[in-house]
Amino acid sequence: MKKDLLKLLDLSRADITEILDMADKLKAEQKAGVHHDFPHGKTLAMIFAKSSTRTRVSFETGIFQLGGQGIFLSNADSQLGRGEPIQDTARVLSRYCDCIMIRTFAQKEVEDLAKFASVPVINALTDFAHPCQVLADLQTIREHKGRLAGLKIAYIGDGNNMANSIIAGGLICGMDVSAACPDGYHPDREVLDFAATVTDAKFELTSDPKVAAKGADVIFTDVWASMGQEAEAEKRKIAFRGYCVDDVIMSLTNDKCMVQHCLPAHRGEEITEKVFEAHADEIFDEAENRLHAQKAVMYLLMKQNAK
Ligand code: CP
Ligand code: NVA
């Protein structure tokens, strides 16, 4: 594995399998009350330029359960918010901490942070990617279905950070992926170019959610207006009309099709209340697995970077 987790496109299938296996092990150990002595005494800097419930609590709880300590830094309260360059922040935090987690807007900021930090950097969401979420999603699908390769994912909605990461993660793991996104809201070119190179799984981009849903084993959706796009919310509600995961969409899927949503969800927009509640157990398993998947990422990256 590389020093950092910046995007799933950087990982091989073996890397993802190693993380998921470790996540399953740590989940079982947490439920059995097993105590960890690594990374005892290590610290995780947690930089947030955007809001969060799951990511903050799962990272902070996760590092604590591993015997370490999380340090929360909001943009507003740190010198980052007053314009201190990311390359200086990277070098300062590397002198104090053993790992840095960042949630921000531009992927380039995370890449620059990683370039200048001597400790591992974890992307906890940018406009381009949400790798930690999709590792938790893959863990959840594998738990429920017993495998990944050969299953079909349908992603219905905005070609955003979640779409990019699901397409990359699913295809790397040998899953077929069909993405239904309106014109003008397609996934990023870097991800589509990668998808075009994959030979052992199928990728399809369509504007018809019904085409994507056909024969799916897992349906994914996400909000229509992501963090930072609040001003476009009304325009997007019009563009995404017809992209709601509802009973019609679910009737086209395979038997026992799962539904995954990274949350927060907007019931009545990207998913109906009925579909959400019928699949709530799977969706909250997915939320729980953020904790276990991120503990695995922190454990593996800190172990390989340990002095
Ligand atoms: N899914 C997710 O990242 O949730 P938060 O925005 O609450 O962290
Ligand atoms: N696409 C959403 C995901 C939130 C976890 C956003 O970026 O706001």
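Report follows, based on the coordinates. Please read these numbers as outputs of a predicted model, since none were measured by experiment. (Residues numbered from 1 in each chain as written. Chains lettered and ligands numbered in written order. Predicted model: local features only at pLDDT ≥ 70, side-chain atom pairs only at ≥ 80, totals over all residues. Heavy atoms only, no water.)

Quick word on the sheet that holds strand β1 (residues 43–48)
One open sheet accounts for four strands, arranged β2-β1-β3-β4; its pairing is parallel. Strands with a single pairing partner mark the edges of an open sheet, and in this sheet they are β2 (69–74) and β4 (121–123). This sheet shows a mean twist of 20° between the axes of neighbouring strands, independent of strand direction. Note: strand β3 (residues 99–103) against β4, three bridges, orientation parallel. (Pairing = 2+ DSSP bridges. Helix = DSSP H or I, 4+ residues; strand = E, 2+ residues; numbered from the N terminus. Axes fitted to C-alpha atoms, helices over the stretch in contact; angles between N-to-C directions.)

What to know about the nonpolar core
Membership of the largest hydrophobic core comes to 60 residues, with the highest contact counts inside it found for Leu-5, Phe-59 and Ile-122. For this core, the element with the most residues is helix α12 (residues 280–305), which contributes eight residues. Ignoring any residue separated from it by four or fewer positions in sequence, one finds Leu-5 in contact with Leu-11, Val-121, Ile-122, Asn-123, Pro-131, Cys-132, Leu-135, Val-297 and Leu-301. Counting 23 residues, the second-largest nonpolar core is a separate cluster that includes Ala-216, Ile-249, Cys-257 and Ile-271. (Core = buried A, V, L, I, M, F, W, Y, C linked by side-chain atoms within 4.5 Å. Buried < 20%, exposed > 50% of the residue type's maximum accessible area, 1.4 Å probe, protein only. Contact = heavy atoms within 4.5 Å.)

Side note on the packing of aromatic side chains
Enumeration according to the criterion identifies five aromatic pairs in this entry. Measuring from centroid to centroid gives 5.5 Å for Phe-48 and Phe-72, while their planes differ by 35°, and the two rings are tilted. Residue Phe-48 is located in strand β1, and its partner Phe-72 is located in strand β2; the two are separated by 24 residues in the primary sequence. On the basis of relative accessible area, Phe-48 is assigned to the buried category, the value being 4%. A residue is classified by how much of its surface remains accessible, and Phe-72, at 33% relative accessible area, is partly exposed. Taking 5.7 Å as the distance between ring centres and 10° as the angle between the ring planes, the aromatic pair formed by Trp-224 and Phe-240 counts as stacked. Of this pair, Trp-224 sits in the loop between β8 (218–221) and α9 (233–239) while Phe-240 sits in the loop between α9 and α10 (247–251); the two residues are 16 residues apart in sequence, bridging distant segments of the chain. When its relative accessible area of 7% is taken as the criterion, Trp-224 is described as buried. (Phe/Tyr/Trp six-rings, centres within 6.5 Å; stacked < 30°, edge-to-face > 60°.)

Here's the deal with the pattern of salt bridges
Using the criterion set out here, one finds 24 salt bridges in the structure. Notably, a salt bridge pairs Glu-288 with Lys-31, separated by 2.8 Å at the nearest N-O pair. In this pair, Glu-288 is assigned in helix α12 and Lys-31 in helix α1 (residues 13–31), connecting sequence segments 257 residues apart. Take Glu-288: its relative accessible area is 26%, and that puts it in the partly exposed class. For Lys-31, a relative accessible area of 56% translates into the label exposed. In this structure, Asp-247 engages Lys-274 in a salt bridge whose closest nitrogen and oxygen atoms are separated by 2.6 Å. Separated by 27 residues along the polypeptide, Asp-247 in helix α10 and Lys-274 in helix α11 (residues 273–278) bring together distant segments of the chain. (Salt bridge = Lys/Arg side-chain N within 4 Å of Asp/Glu carboxyl O.)

Focus on the layout of surface pockets
Computed from the structure, the largest pocket encloses a volume of approximately 650 Å³. What lines the largest pocket is a set of 38 residues, and nearest its centre among them are Asp-222, Val-223, Ala-225, Ser-226 and Met-227. Elements represented by at least two residues in the lining of the largest pocket include exactly α2 (54–65), α6 (161–172) and α9. Here the lining of the largest pocket gets three residues from one element, more than from any other, and that element is α9. The residue inventory of the lining of the largest pocket, partitioned by class, reads twelve nonpolar, 15 polar and eleven charged. (1 Å grid on protein atoms, 1.4 Å probe; cavity = no way out; pocket = protein on both sides within 12 Å on 5 of 7 lines; lining within 4 Å. Points joined across faces, edges and corners; volume = space filled by probe spheres on them. Nonpolar A, V, L, I, M, F, W, Y, C, P; charged D, E, K, R; others polar.)

Describing the site of ligand 1
Neighbouring ligand 1 are Ser-52, Thr-53, Arg-54, Thr-55, Arg-103, His-130, Gln-133, Cys-262, Leu-263 and Arg-290. Between ligand 1 and Gln-133, the relevant distance is 3.0 Å, taken from a nitrogen atom to a side-chain nitrogen or oxygen of the residue. Protein coverage of the free-state accessible area of ligand 1, which is 260 Å², stands at 95%. In this structure, ligand 1 is accommodated by the largest pocket. (Near = heavy atom within 4 Å. Polar contact = N/O pair within 3.5 Å; in protein donor to acceptor, adjacent residues only side chain to side chain. Areas by Shrake-Rupley, 256 points an atom, 1.4 Å probe, with all protein chains shown as cover. Sits in = over half its atoms within 2 Å of the grid points.)

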